[in-house]
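# Fold and contact review
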Amino acid sequence: MLLSEILPALLEHLWLVGISVAAAIVISAPVAVLLTSRARLRRWTLGVVNVIQTIPSLALFGFLIPIPFIGGVGKRTTIIALILYALLPILRNAVVGIMGVDAGVRESALAMGMTHRQILLRVELPLAFPTILAGVRIATVATIGTATIAAAIGGGGLGTFVFRGIAMADSNVILAGAIPAALMAIAADEVLGWLERRICFWA
Amino acid sequence: MSTLAEFRNLQYKISERTILDEISLQVEEGETLVLLGRSGSGKTTLLKMVNRILTPTGGEVRFEGKAAHDWDPIQLRRRIGYVIQDAGLFPHYTVEQNVGLVPRLEKWEPARIQSRVGELLALVGLAPETYGVRYPRQLSGGEKQRVGIARALAADPPLLLLDEPFAALDPVTRFEMQQQFLKLRDSLNKTALFVTHDIREALLLGSRIALLKDGRLEVVAKASEFESASSPEARAFLSTLETHAAQ
């Protein structure tokens, strides 16, 4: 297996994961803030997101294909499925992180005359950040793994080698996809873990 | 003496449960009025009505001659210092940043904030150059509470609200903090509303004591006259002193 074949697949894989996790963060941030103050909506939303998580990934790709606009075969469907999987750890950690801010700290902020916006931006989000980042870390590592299955519906990435290797009954080809994916997951975990420790300077 | 804050026939209910009822009380300028009572007597709830963390369901609170509900809540809170039991310091802010919080919100010049913060830390007995750059986790309980008091004083508010500020400290540190509070109060001539369940603390720090029982005012008396109060609840609190003396 040539490096010149693996490298583009690796970059494509990275791109799929990057786009999906970034989109999941963008969706989760405002939703998490909204959910912290609404108990009923929080239970329902997290419940739905939880159920999505339990759908086996191959089945989810299968479900998405016939859906108009968002479905079909290819990268778009892949990214949508990956976003759906990344939502749960990111959203749940963001909600837990914001709600976990010490009640005394929140009350002090209010009593000092901070506005709700200032409390959110200067107190709650910074203090929740390590927890939020931990969610992003879990989501990233999991998405790197899930993204290999995306090749089944033409999503590309390192999974292409895995499926080709299975079809050819050639374990070397399978490993050409599996090893880089595993290394990518380990690297992502290390980098985000380092960032988490750096940011949590006050604890 | 003029009245700085006032409760007028205040009532507070959560669904059908009455937490506070028929509270009428005036806080005079320069005094330390202690709200004394058992856990659940409503003293903390009453305190939180002043800076509108809670809103009464009946009657009104007045501050500087104006009803609290006519104040912009943000402006009101920035004129009232607030100190709670665990200090409530922001863990991601240094001591300097914590103390300078309200001046920063009020958009003071950075140089003015810095000199004010240094002045306040020295006032509460913390060397600014040593403690200014520390984070709250690097402080002892007593030091945290000193920072909490400095933060409450930062924008020179006319009124301080203190909610059992020394209750979680060890007895020796608590005593030191009480002495510090007396010194500060006399030198700054601040008005304070001080919540405690400790009769000794009430007698030591209060110029007047308001005793609450089940959400109602039972006794309001000068600290020097409280010991002759005849109400059963006052006697119950005072009896803890006698037991102590008998031992």
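A few points on the structure. (Residues numbered from 1 in each chain as written. Chains lettered and ligands numbered in written order. Predicted model: local features only at pLDDT ≥ 70, side-chain atom pairs only at ≥ 80, totals over all residues.)

### A closer look at the overall build of chain A
Broken down by element type, chain A carries 8 helices and 0 strands. Start at the N end of chain A and walk to the C end: the helices and strands fall as α-α-α-α-α-α-α-α. For chain A, the C-alpha atoms occupy an extent of roughly 65 × 40 × 20 Å along the three principal directions. Each of the 203 residues in chain A was classed as buried or not, and the buried ones make up 36%. (Helix = DSSP H or I, 4+ residues; strand = E, 2+ residues; numbered from the N terminus. Buried ≥ 20, exposed ≤ 12 C-beta atoms within 10 Å, placed from the backbone.)

### A word on the overall build of chain B
Counting its secondary structure elements, chain B contains 11 helices and 10 strands. What you see for chain B is a C-alpha radius of gyration of 18 Å, in line with the 18 Å of a compact globule of 247 residues. Once the C-alpha set of chain B is aligned to its principal axes, its extents read approximately 55 × 50 × 35 Å. The burial tally for chain B puts 43% of its 247 residues in the buried class. Sequence-distant contacts, at least 24 apart, represent 67% of the contacts inside chain B between residues at least 6 apart. (Rg over C-alpha atoms; globule rule 2.2 N^0.38 Å. Contact = placed C-beta atoms within 7 Å.)

### A few points about the interface of chain B and chain A
Each partner contributes to the interface: chain B provides 17 residues, whereas chain A provides 15 residues. Of the residues that constitute the side of chain B that touches chain A, the class distribution is 10 nonpolar, 3 polar and 4 charged. (Nonpolar A, V, L, I, M, F, W, Y, C, P; charged D, E, K, R; others polar.)

### Digging into the sheet that holds strand β2 (residues 17-28) of chain B
Residues and elements named next belong to chain B. Spatially, the 4 strands line up as an open sheet ordered β2-β1-β4-β5, and their pairing is antiparallel. The strands lining the two open edges of the sheet, one partner per strand, are β2 and β5 (66-67). With 8 bridges joining them, strand β1 (residues 3-14) and β2 adopt antiparallel strand pairing. Each residue of the ladder has a partner; that of Lys13, found in β2, is Thr18. (Pairing = 2+ DSSP bridges.)

### Remarks on the pairing of β1 of chain B
Residues and elements named next belong to chain B. Between β1 and β2, which pair antiparallel in sequence order, lie 2 residues; one of them, Ser15, sits at a positive phi of approximately 45°. Two elements, β1 and strand β4 (residues 58-63), share 5 bridges in a ladder whose sense is antiparallel. Within the sheet, the bridge partner assigned to Gln11 lies in β4 and is Gly58.

### Here we look at unusual backbone geometry
Residue and element names in this part refer to chain B. A positive phi angle is found at Glu22, which is not glycine, with a value near 50°. With respect to the secondary-structure elements, Glu22 resides in strand β2. Exposure remark for Glu22: the 14 C-beta atoms within 10 Å place this residue in the partly exposed category.

### A word on helix α8 (residues 171-188) of chain B
All names here are of chain B. Over its 18 residues, α8 runs 25 Å from end to end, which matches the ideal 26 Å to within 8%, given 1.5 Å per residue. Each element contacted by the buried residues of α8 is listed here: α7 (141-153) and α9 (199-205). After α8 finishes, the residue Asn189 shows a positive phi value of roughly 55°. (Expected span 1.5 Å × (residues − 1).)

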